[in-house]
Amino acid sequence: MTREEKSLIIDELSQKFSNTPYFYITSAAGMSVGEVNVLRGLCFEKGIEYRVVKNTLIKKALETLETDYTPFDAEVLKGFSGIMFHPESGKVPAQLIKEFKKKTGSDKLKFKGASVDSSVFVGEAQLEVLTTLKSKQELVGDVIALLQSPAKNVIGALSSGGSKLAGIIKTLSEKED
């Protein structure tokens with residue numbers, strides 16, 4: 001690969017990293033062609049772009065960004081690396097990795113690291129945390145539900161109180177007769 005080709009790949013990766021808030025770096029070393037095809041098929045179904053890139057090119061592309069990705073240097077950018085990009089959710093790639101492991105019964109696909117909204121996650125132990133992350137839309141929905149809950153309680157109390165008050169007035173009016 002020539003320097004110009006490497007430079008083009010680094011520029012393309014830099015733009016992809018800066019435009020995509022969610023990316024995962026995995027290792028698919030030792031996987032058979034059939035397993036890689038299953039992985040690529042799952043990625044396509046879930047809207048994940050999967051690319052295999054040399055670690056040095058990934059490192060150079062990450063250095064152009066504002067976020068500090070030096071924790072990736074020690075563990076993540078070693079050996080065989082594939083990058084998963086997802087434009088909308090930080091947990092979809094994590095769920096895909098778990099689904100792939102369950103589907104194939106193989107631990108050959110390894111989670112090495114991820115960047116979710118510029119937060120860095122390193123190591124296989126972080127995969128469980130990433131599968132439980134809520135998307136921005138889910139968090140907004142939770143906040144709206146929490147804000148609506150007290151209003152619903154007040155409206156419910158007022159409407160039930162009104163019927164109680166009407167019942168008391170009716171009972172008092174009947175007593176006077």
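Computed from a predicted model, the values in this text were never measured in an experiment.

Thresholds, definitions, all that
- Residues numbered from 1 in each chain as written.
- Predicted model: local features only at pLDDT ≥ 70, side-chain atom pairs only at ≥ 80, totals over all residues.
- Heavy atoms only, no water.
- Helix = DSSP H or I, 4+ residues; strand = E, 2+ residues; numbered from the N terminus.
- Buried < 20%, exposed > 50% of the residue type's maximum accessible area, 1.4 Å probe, protein only.
- Contact = heavy atoms within 4.5 Å.
- Lys, Arg positive; Asp, Glu negative; His and termini not counted.
- Salt bridge = Lys/Arg side-chain N within 4 Å of Asp/Glu carboxyl O.
- Axes fitted to C-alpha atoms, helices over the stretch in contact; angles between N-to-C directions.
- Left-handed = near helix turned anticlockwise from the far one by under 90°.
- Nonpolar A, V, L, I, M, F, W, Y, C, P; charged D, E, K, R; others polar.
- Phe/Tyr/Trp six-rings, centres within 6.5 Å; stacked < 30°, edge-to-face > 60°.
- Pairing = 2+ DSSP bridges.
- Core = buried A, V, L, I, M, F, W, Y, C linked by side-chain atoms within 4.5 Å.

*Asks:* Whenever I open this one, the side chain of lysine 91 confuses me. Can you help?
*Replies:* With respect to the element layout, lysine 91 can be found in the loop between strand S3 (82-86) and helix H5 (92-104). Judged by its relative accessible area of 17%, lysine 91 falls in the buried class. Those residues within four positions of lysine 91 in sequence are excluded, and the remaining contacts are Tyr24, Leu130, Thr131, Leu133 and Glu138.

*Asks:* What's the story with the side chain of lysine 112 in this structure? I'm lost.
*Replies:* With respect to the helices and strands, lysine 112 occurs in strand S4 (residues 110-116). Buried charge without a salt bridge: lysine 112, with glutamate 75 as the nearest opposite-charge side chain at an N-O distance of 9.8 Å.

*Asks:* Sorry if this is basic, but what is going on with the packing of helix H2 (residues 33-46) against H5 here?
*Replies:* For any two helices packed against each other, the geometry is given by the interaxial angle and the distance between the axes. Taken N-terminus to C-terminus, the directions of H2 and H5 make an angle of 140 degrees; their axes are 10 Å apart at the nearest point. Seen from above, H2 lies across H5 with right-handed handedness. For the pair H2 and H5, contact is made by Glu35, Val38, Leu39, Leu42, Cys43 and Lys46 and by Val92, Leu96, Glu99, Phe100, Lys103 and Thr104, respectively. Split into classes, the residues belonging to the contact of H2 with H5 amount to seven nonpolar, one polar and four charged.

*Asks:* Sorry if this is basic, but what is going on with the packing of aromatic side chains here?
*Replies:* Two descriptors summarise a pair of aromatic rings, namely the distance from one centre to the other and the angle between the planes of the rings. With the rule as written, the count across this model stands at six aromatic pairs. For the pair phenylalanine 23 and phenylalanine 85, a centre-to-centre distance of 6.3 Å together with 50 degrees between the ring planes defines the contact as tilted. Here phenylalanine 23 is found in strand S1 (residues 22-27), whereas its partner phenylalanine 85 is found in strand S3, with 62 residues between them in sequence. On the accessibility criterion, phenylalanine 23 (1% relative accessible area) is buried. Centroid distance tyrosine 69 to phenylalanine 72: 5.4 Å. Interplanar angle 35 degrees. Geometry classified as tilted. Of the two residues examined, tyrosine 69 and phenylalanine 72, each falls in the buried class. One aromatic cluster is present, built from ring pairs that chain together Phe17, Phe23, Tyr69, Phe72 and Phe85.

*Asks:* Any chance you could explain the pairing of S1 here in plain terms?
*Replies:* Note on strand geometry: in a regular strand, side chains alternate between the two faces of the sheet. Taken across its six residues, S1 has six buried, putting it largely inside the fold. Bridge count between S1 and S3: five bridges; the pairing is antiparallel. Across the sheet, tyrosine 22 pairs through a bridge with histidine 86, a residue of S3. Sheet topology places S1 next to S4; six bridges connect them, and they run antiparallel. Among the inter-strand pairings, serine 27 is bridged to a residue of S4, identified as lysine 110.

*Asks:* Teacher, can you tell me more about the nonpolar core here?
*Replies:* One broad trend across soluble globular proteins is that nonpolar side chains are buried collectively. Counting 22 residues, the largest nonpolar core has Tyr24, Leu39, Met84, Leu109, Phe111 and Leu130 as the members making the most contacts within it. Within the residue set of this core, elements represented by two or more residues are S1, H2, H5, S4 and helix H6 (127-131). Considering each element in turn, this core owes the most residues, five residues, to H5. For leucine 39, the residues in contact, after removing those within four places along its chain, are Met31, Tyr50, Met84, Leu96, Phe100 and Leu109. Ranked by size, the runner-up nonpolar core spans 17 residues in total, among them Phe23, Ala61, Leu65 and Phe72.

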